[in-house]
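# Results of the structural survey
Listed here are the chains, written in short residue letters.
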Amino acid sequence: MKNEYIELNFIKYQCGYAQPQVLIDAVHAASPKADTYTGEIVDQVTKATSCHCIIAIVSRKIADLNRPCNGRNDPAIKEYRETLNKLLKGSALISLADEEQVAIPFLHLAIHGMRDIYDLDIELVLCQSLNDG
């Protein structure tokens, strides 16, 4: 199946259908200062598995999605978090009674480049609440 992304101001995303309990993202995929190939890795994994994905389309110099809100990056962080909520709600992973808790654990794969530290390539996070990821 062809990947069909929904593009927003700071990110593009795709809703998974075969693996809705898996989210993969690349929050530093845009130049300059991009983590090399992370966007392409996420795109290829999504094509192969049909999981949820989020890929940054702006440089971390404009809005670093991997940092807390700081006044300057608030619109980007809000967009990322709203998209995350939308994907999880659509998969019934978020308890509607308490949107801070997921109904069942999900796997969040955050793909980052690590410069010259080649033994730290993959981060795996099993999330049980939205505050875990």
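Here is what the cut-offs are and how they apply
- By convention here, each chain's residues receive numbers from 1 onward along its written sequence.
- With pLDDT at 70 or above as the cut-off, local features in this predicted model cover only qualifying residues; side-chain atom pairs require 80 or more to be listed or tallied, and sums for whole chains, interfaces and linings still use all residues.
- Excluded from the side-chain calculations are hydrogens and water; all other atoms, namely the structure's heavy atoms, are used.
- Secondary structure is summarised from DSSP: a helix means a run of H or I of at least four residues, a strand means a run of E of at least two, and numbering begins at the N terminus for each.
- For this analysis, a polar contact is any N or O atom pair within 3.5 Å, provided that within protein one partner can donate a hydrogen and the other can accept it, and provided that sequence-adjacent residues contribute only side-chain to side-chain pairs.
- Residues belong to one nonpolar core when they are buried, are Ala, Val, Leu, Ile, Met, Phe, Trp, Tyr or Cys, and are joined through side-chain atoms within 4.5 Å.
- Burial classes follow relative accessibility: with a 1.4 Å probe on protein chains only, a residue under 20% of its type's maximum area counts as buried, one over 50% as exposed, and anything between as partly exposed.
- Salt bridge criterion: a side-chain nitrogen from Lys or Arg within 4 Å of a carboxyl oxygen from Asp or Glu.
- Should DSSP find at least two bridges between two strands, the strands are regarded as paired.
- Convention used here: a crossover is right-handed provided that the path from the first strand, over the helix, to the second strand proceeds clockwise when the strands point away from the viewer.
- Classification of ring pairs uses Phe, Tyr and Trp, with its six-membered ring standing for Trp, and accepts pairs whose centres are within 6.5 Å; under 30 degrees between planes counts as stacked, over 60 as edge-to-face, and the remaining range as tilted.
- In this scheme, Lys NZ or Arg CZ marks a charge over a ring once it lies within 6 Å of the ring centre and within 35 degrees of the ring normal.
- For a helix, the expected span equals 1.5 Å multiplied by the residue count minus one.
- The arc in question is the one traced by the directions running from the helix axis out to the C-beta atoms.
- The contact criterion used throughout is that any non-hydrogen atoms of two residues lie within 4.5 Å.

Attention now goes to the side chain of H28. With respect to the element layout, H28 can be found in the loop between β3 (19–26) and α1 (38–49). A polar contact of 3.5 Å, which involves the side chain of H28, links it to the side chain of R60.

General note: in soluble globular proteins, nonpolar side chains tend to be found buried as a group. Among the nonpolar cores identified, the biggest contains 19 residues, and F10, L23, I54, L65, L88 and F106 are the most heavily contacted of them. At the level of elements, β2 (11–14), β4 (51–56), α2 (74–90) and β5 (101–110) are the ones that each hand at least two residues to this core. Among the elements that take part in this core, α2 stands out by supplying six residues, more than any other. Membership of the second largest hydrophobic core comes to nine residues, among which are I24, C51, I55 and I111.

Looking now at unusual backbone geometry. In this chain, S31 is followed by P32 through a cis amide linkage whose omega measures -10 degrees. Not every positive phi belongs to a glycine, and Y37 is a case in point at roughly 70 degrees. Relative to the helices and strands, Y37 is located in the loop between β3 and α1. Even without glycine at this site, S50 takes up a positive phi of about 60 degrees. Here S50 lies in the loop between α1 and β4.

So, about the pattern of salt bridges. When their charged atoms lie close together, side chains carrying opposite charge are able to pair. The final tally for this structure, using the stated rule, is four salt bridges. A salt bridge links R67 to D64, with the shortest nitrogen-to-oxygen separation between them at 3.7 Å. With a relative accessible area of 46%, R67 lands in the partly exposed category. Judged by relative accessible area, which is 13%, D64 ranks as buried. Of the charged contacts, one joins K78 and E82 as a salt bridge, the two residues approaching to 3.8 Å between their closest N and O atoms. Placement of the pair is K78 and E82 together in helix α2, with a separation of four residues, close to one helical turn. E82 sits in the partly exposed class, given a relative accessible area of 45%.

Further remarks concern the pairing of β4. For β4, the tally of buried residues reaches six of six residues, placing the bulk of the element in the interior. Strand direction decides the pairing type here: β3 and β4, joined by five bridges, are parallel. Residue pairing in the sheet places A26 in a bridge with I55 of β4. Following the chain from β3 across α1 to the adjacent parallel β4, one finds a crossover that is right-handed.

So, about the packing of aromatic side chains. In this structure the tally under the stated criterion is zero aromatic pairs. One residue, K12, lies across the ring of Y5, its end atom 4.5 Å from the ring centre.

In this model α1 runs 16 Å from its N-terminal to its C-terminal C-alpha over 12 residues, within 8% of the 16 Å that 1.5 Å per residue would give. Taken together, the buried positions of α1 are occupied by T38, G39, V42, D43 and T46. Considered in projection along α1, the buried side chains sweep an arc of 140 degrees and stay on one side of the axis. Residues of α1 that are buried in the fold lie against β2, β3 and β4.

Keep in mind these numbers describe shape, not what the thing actually does.
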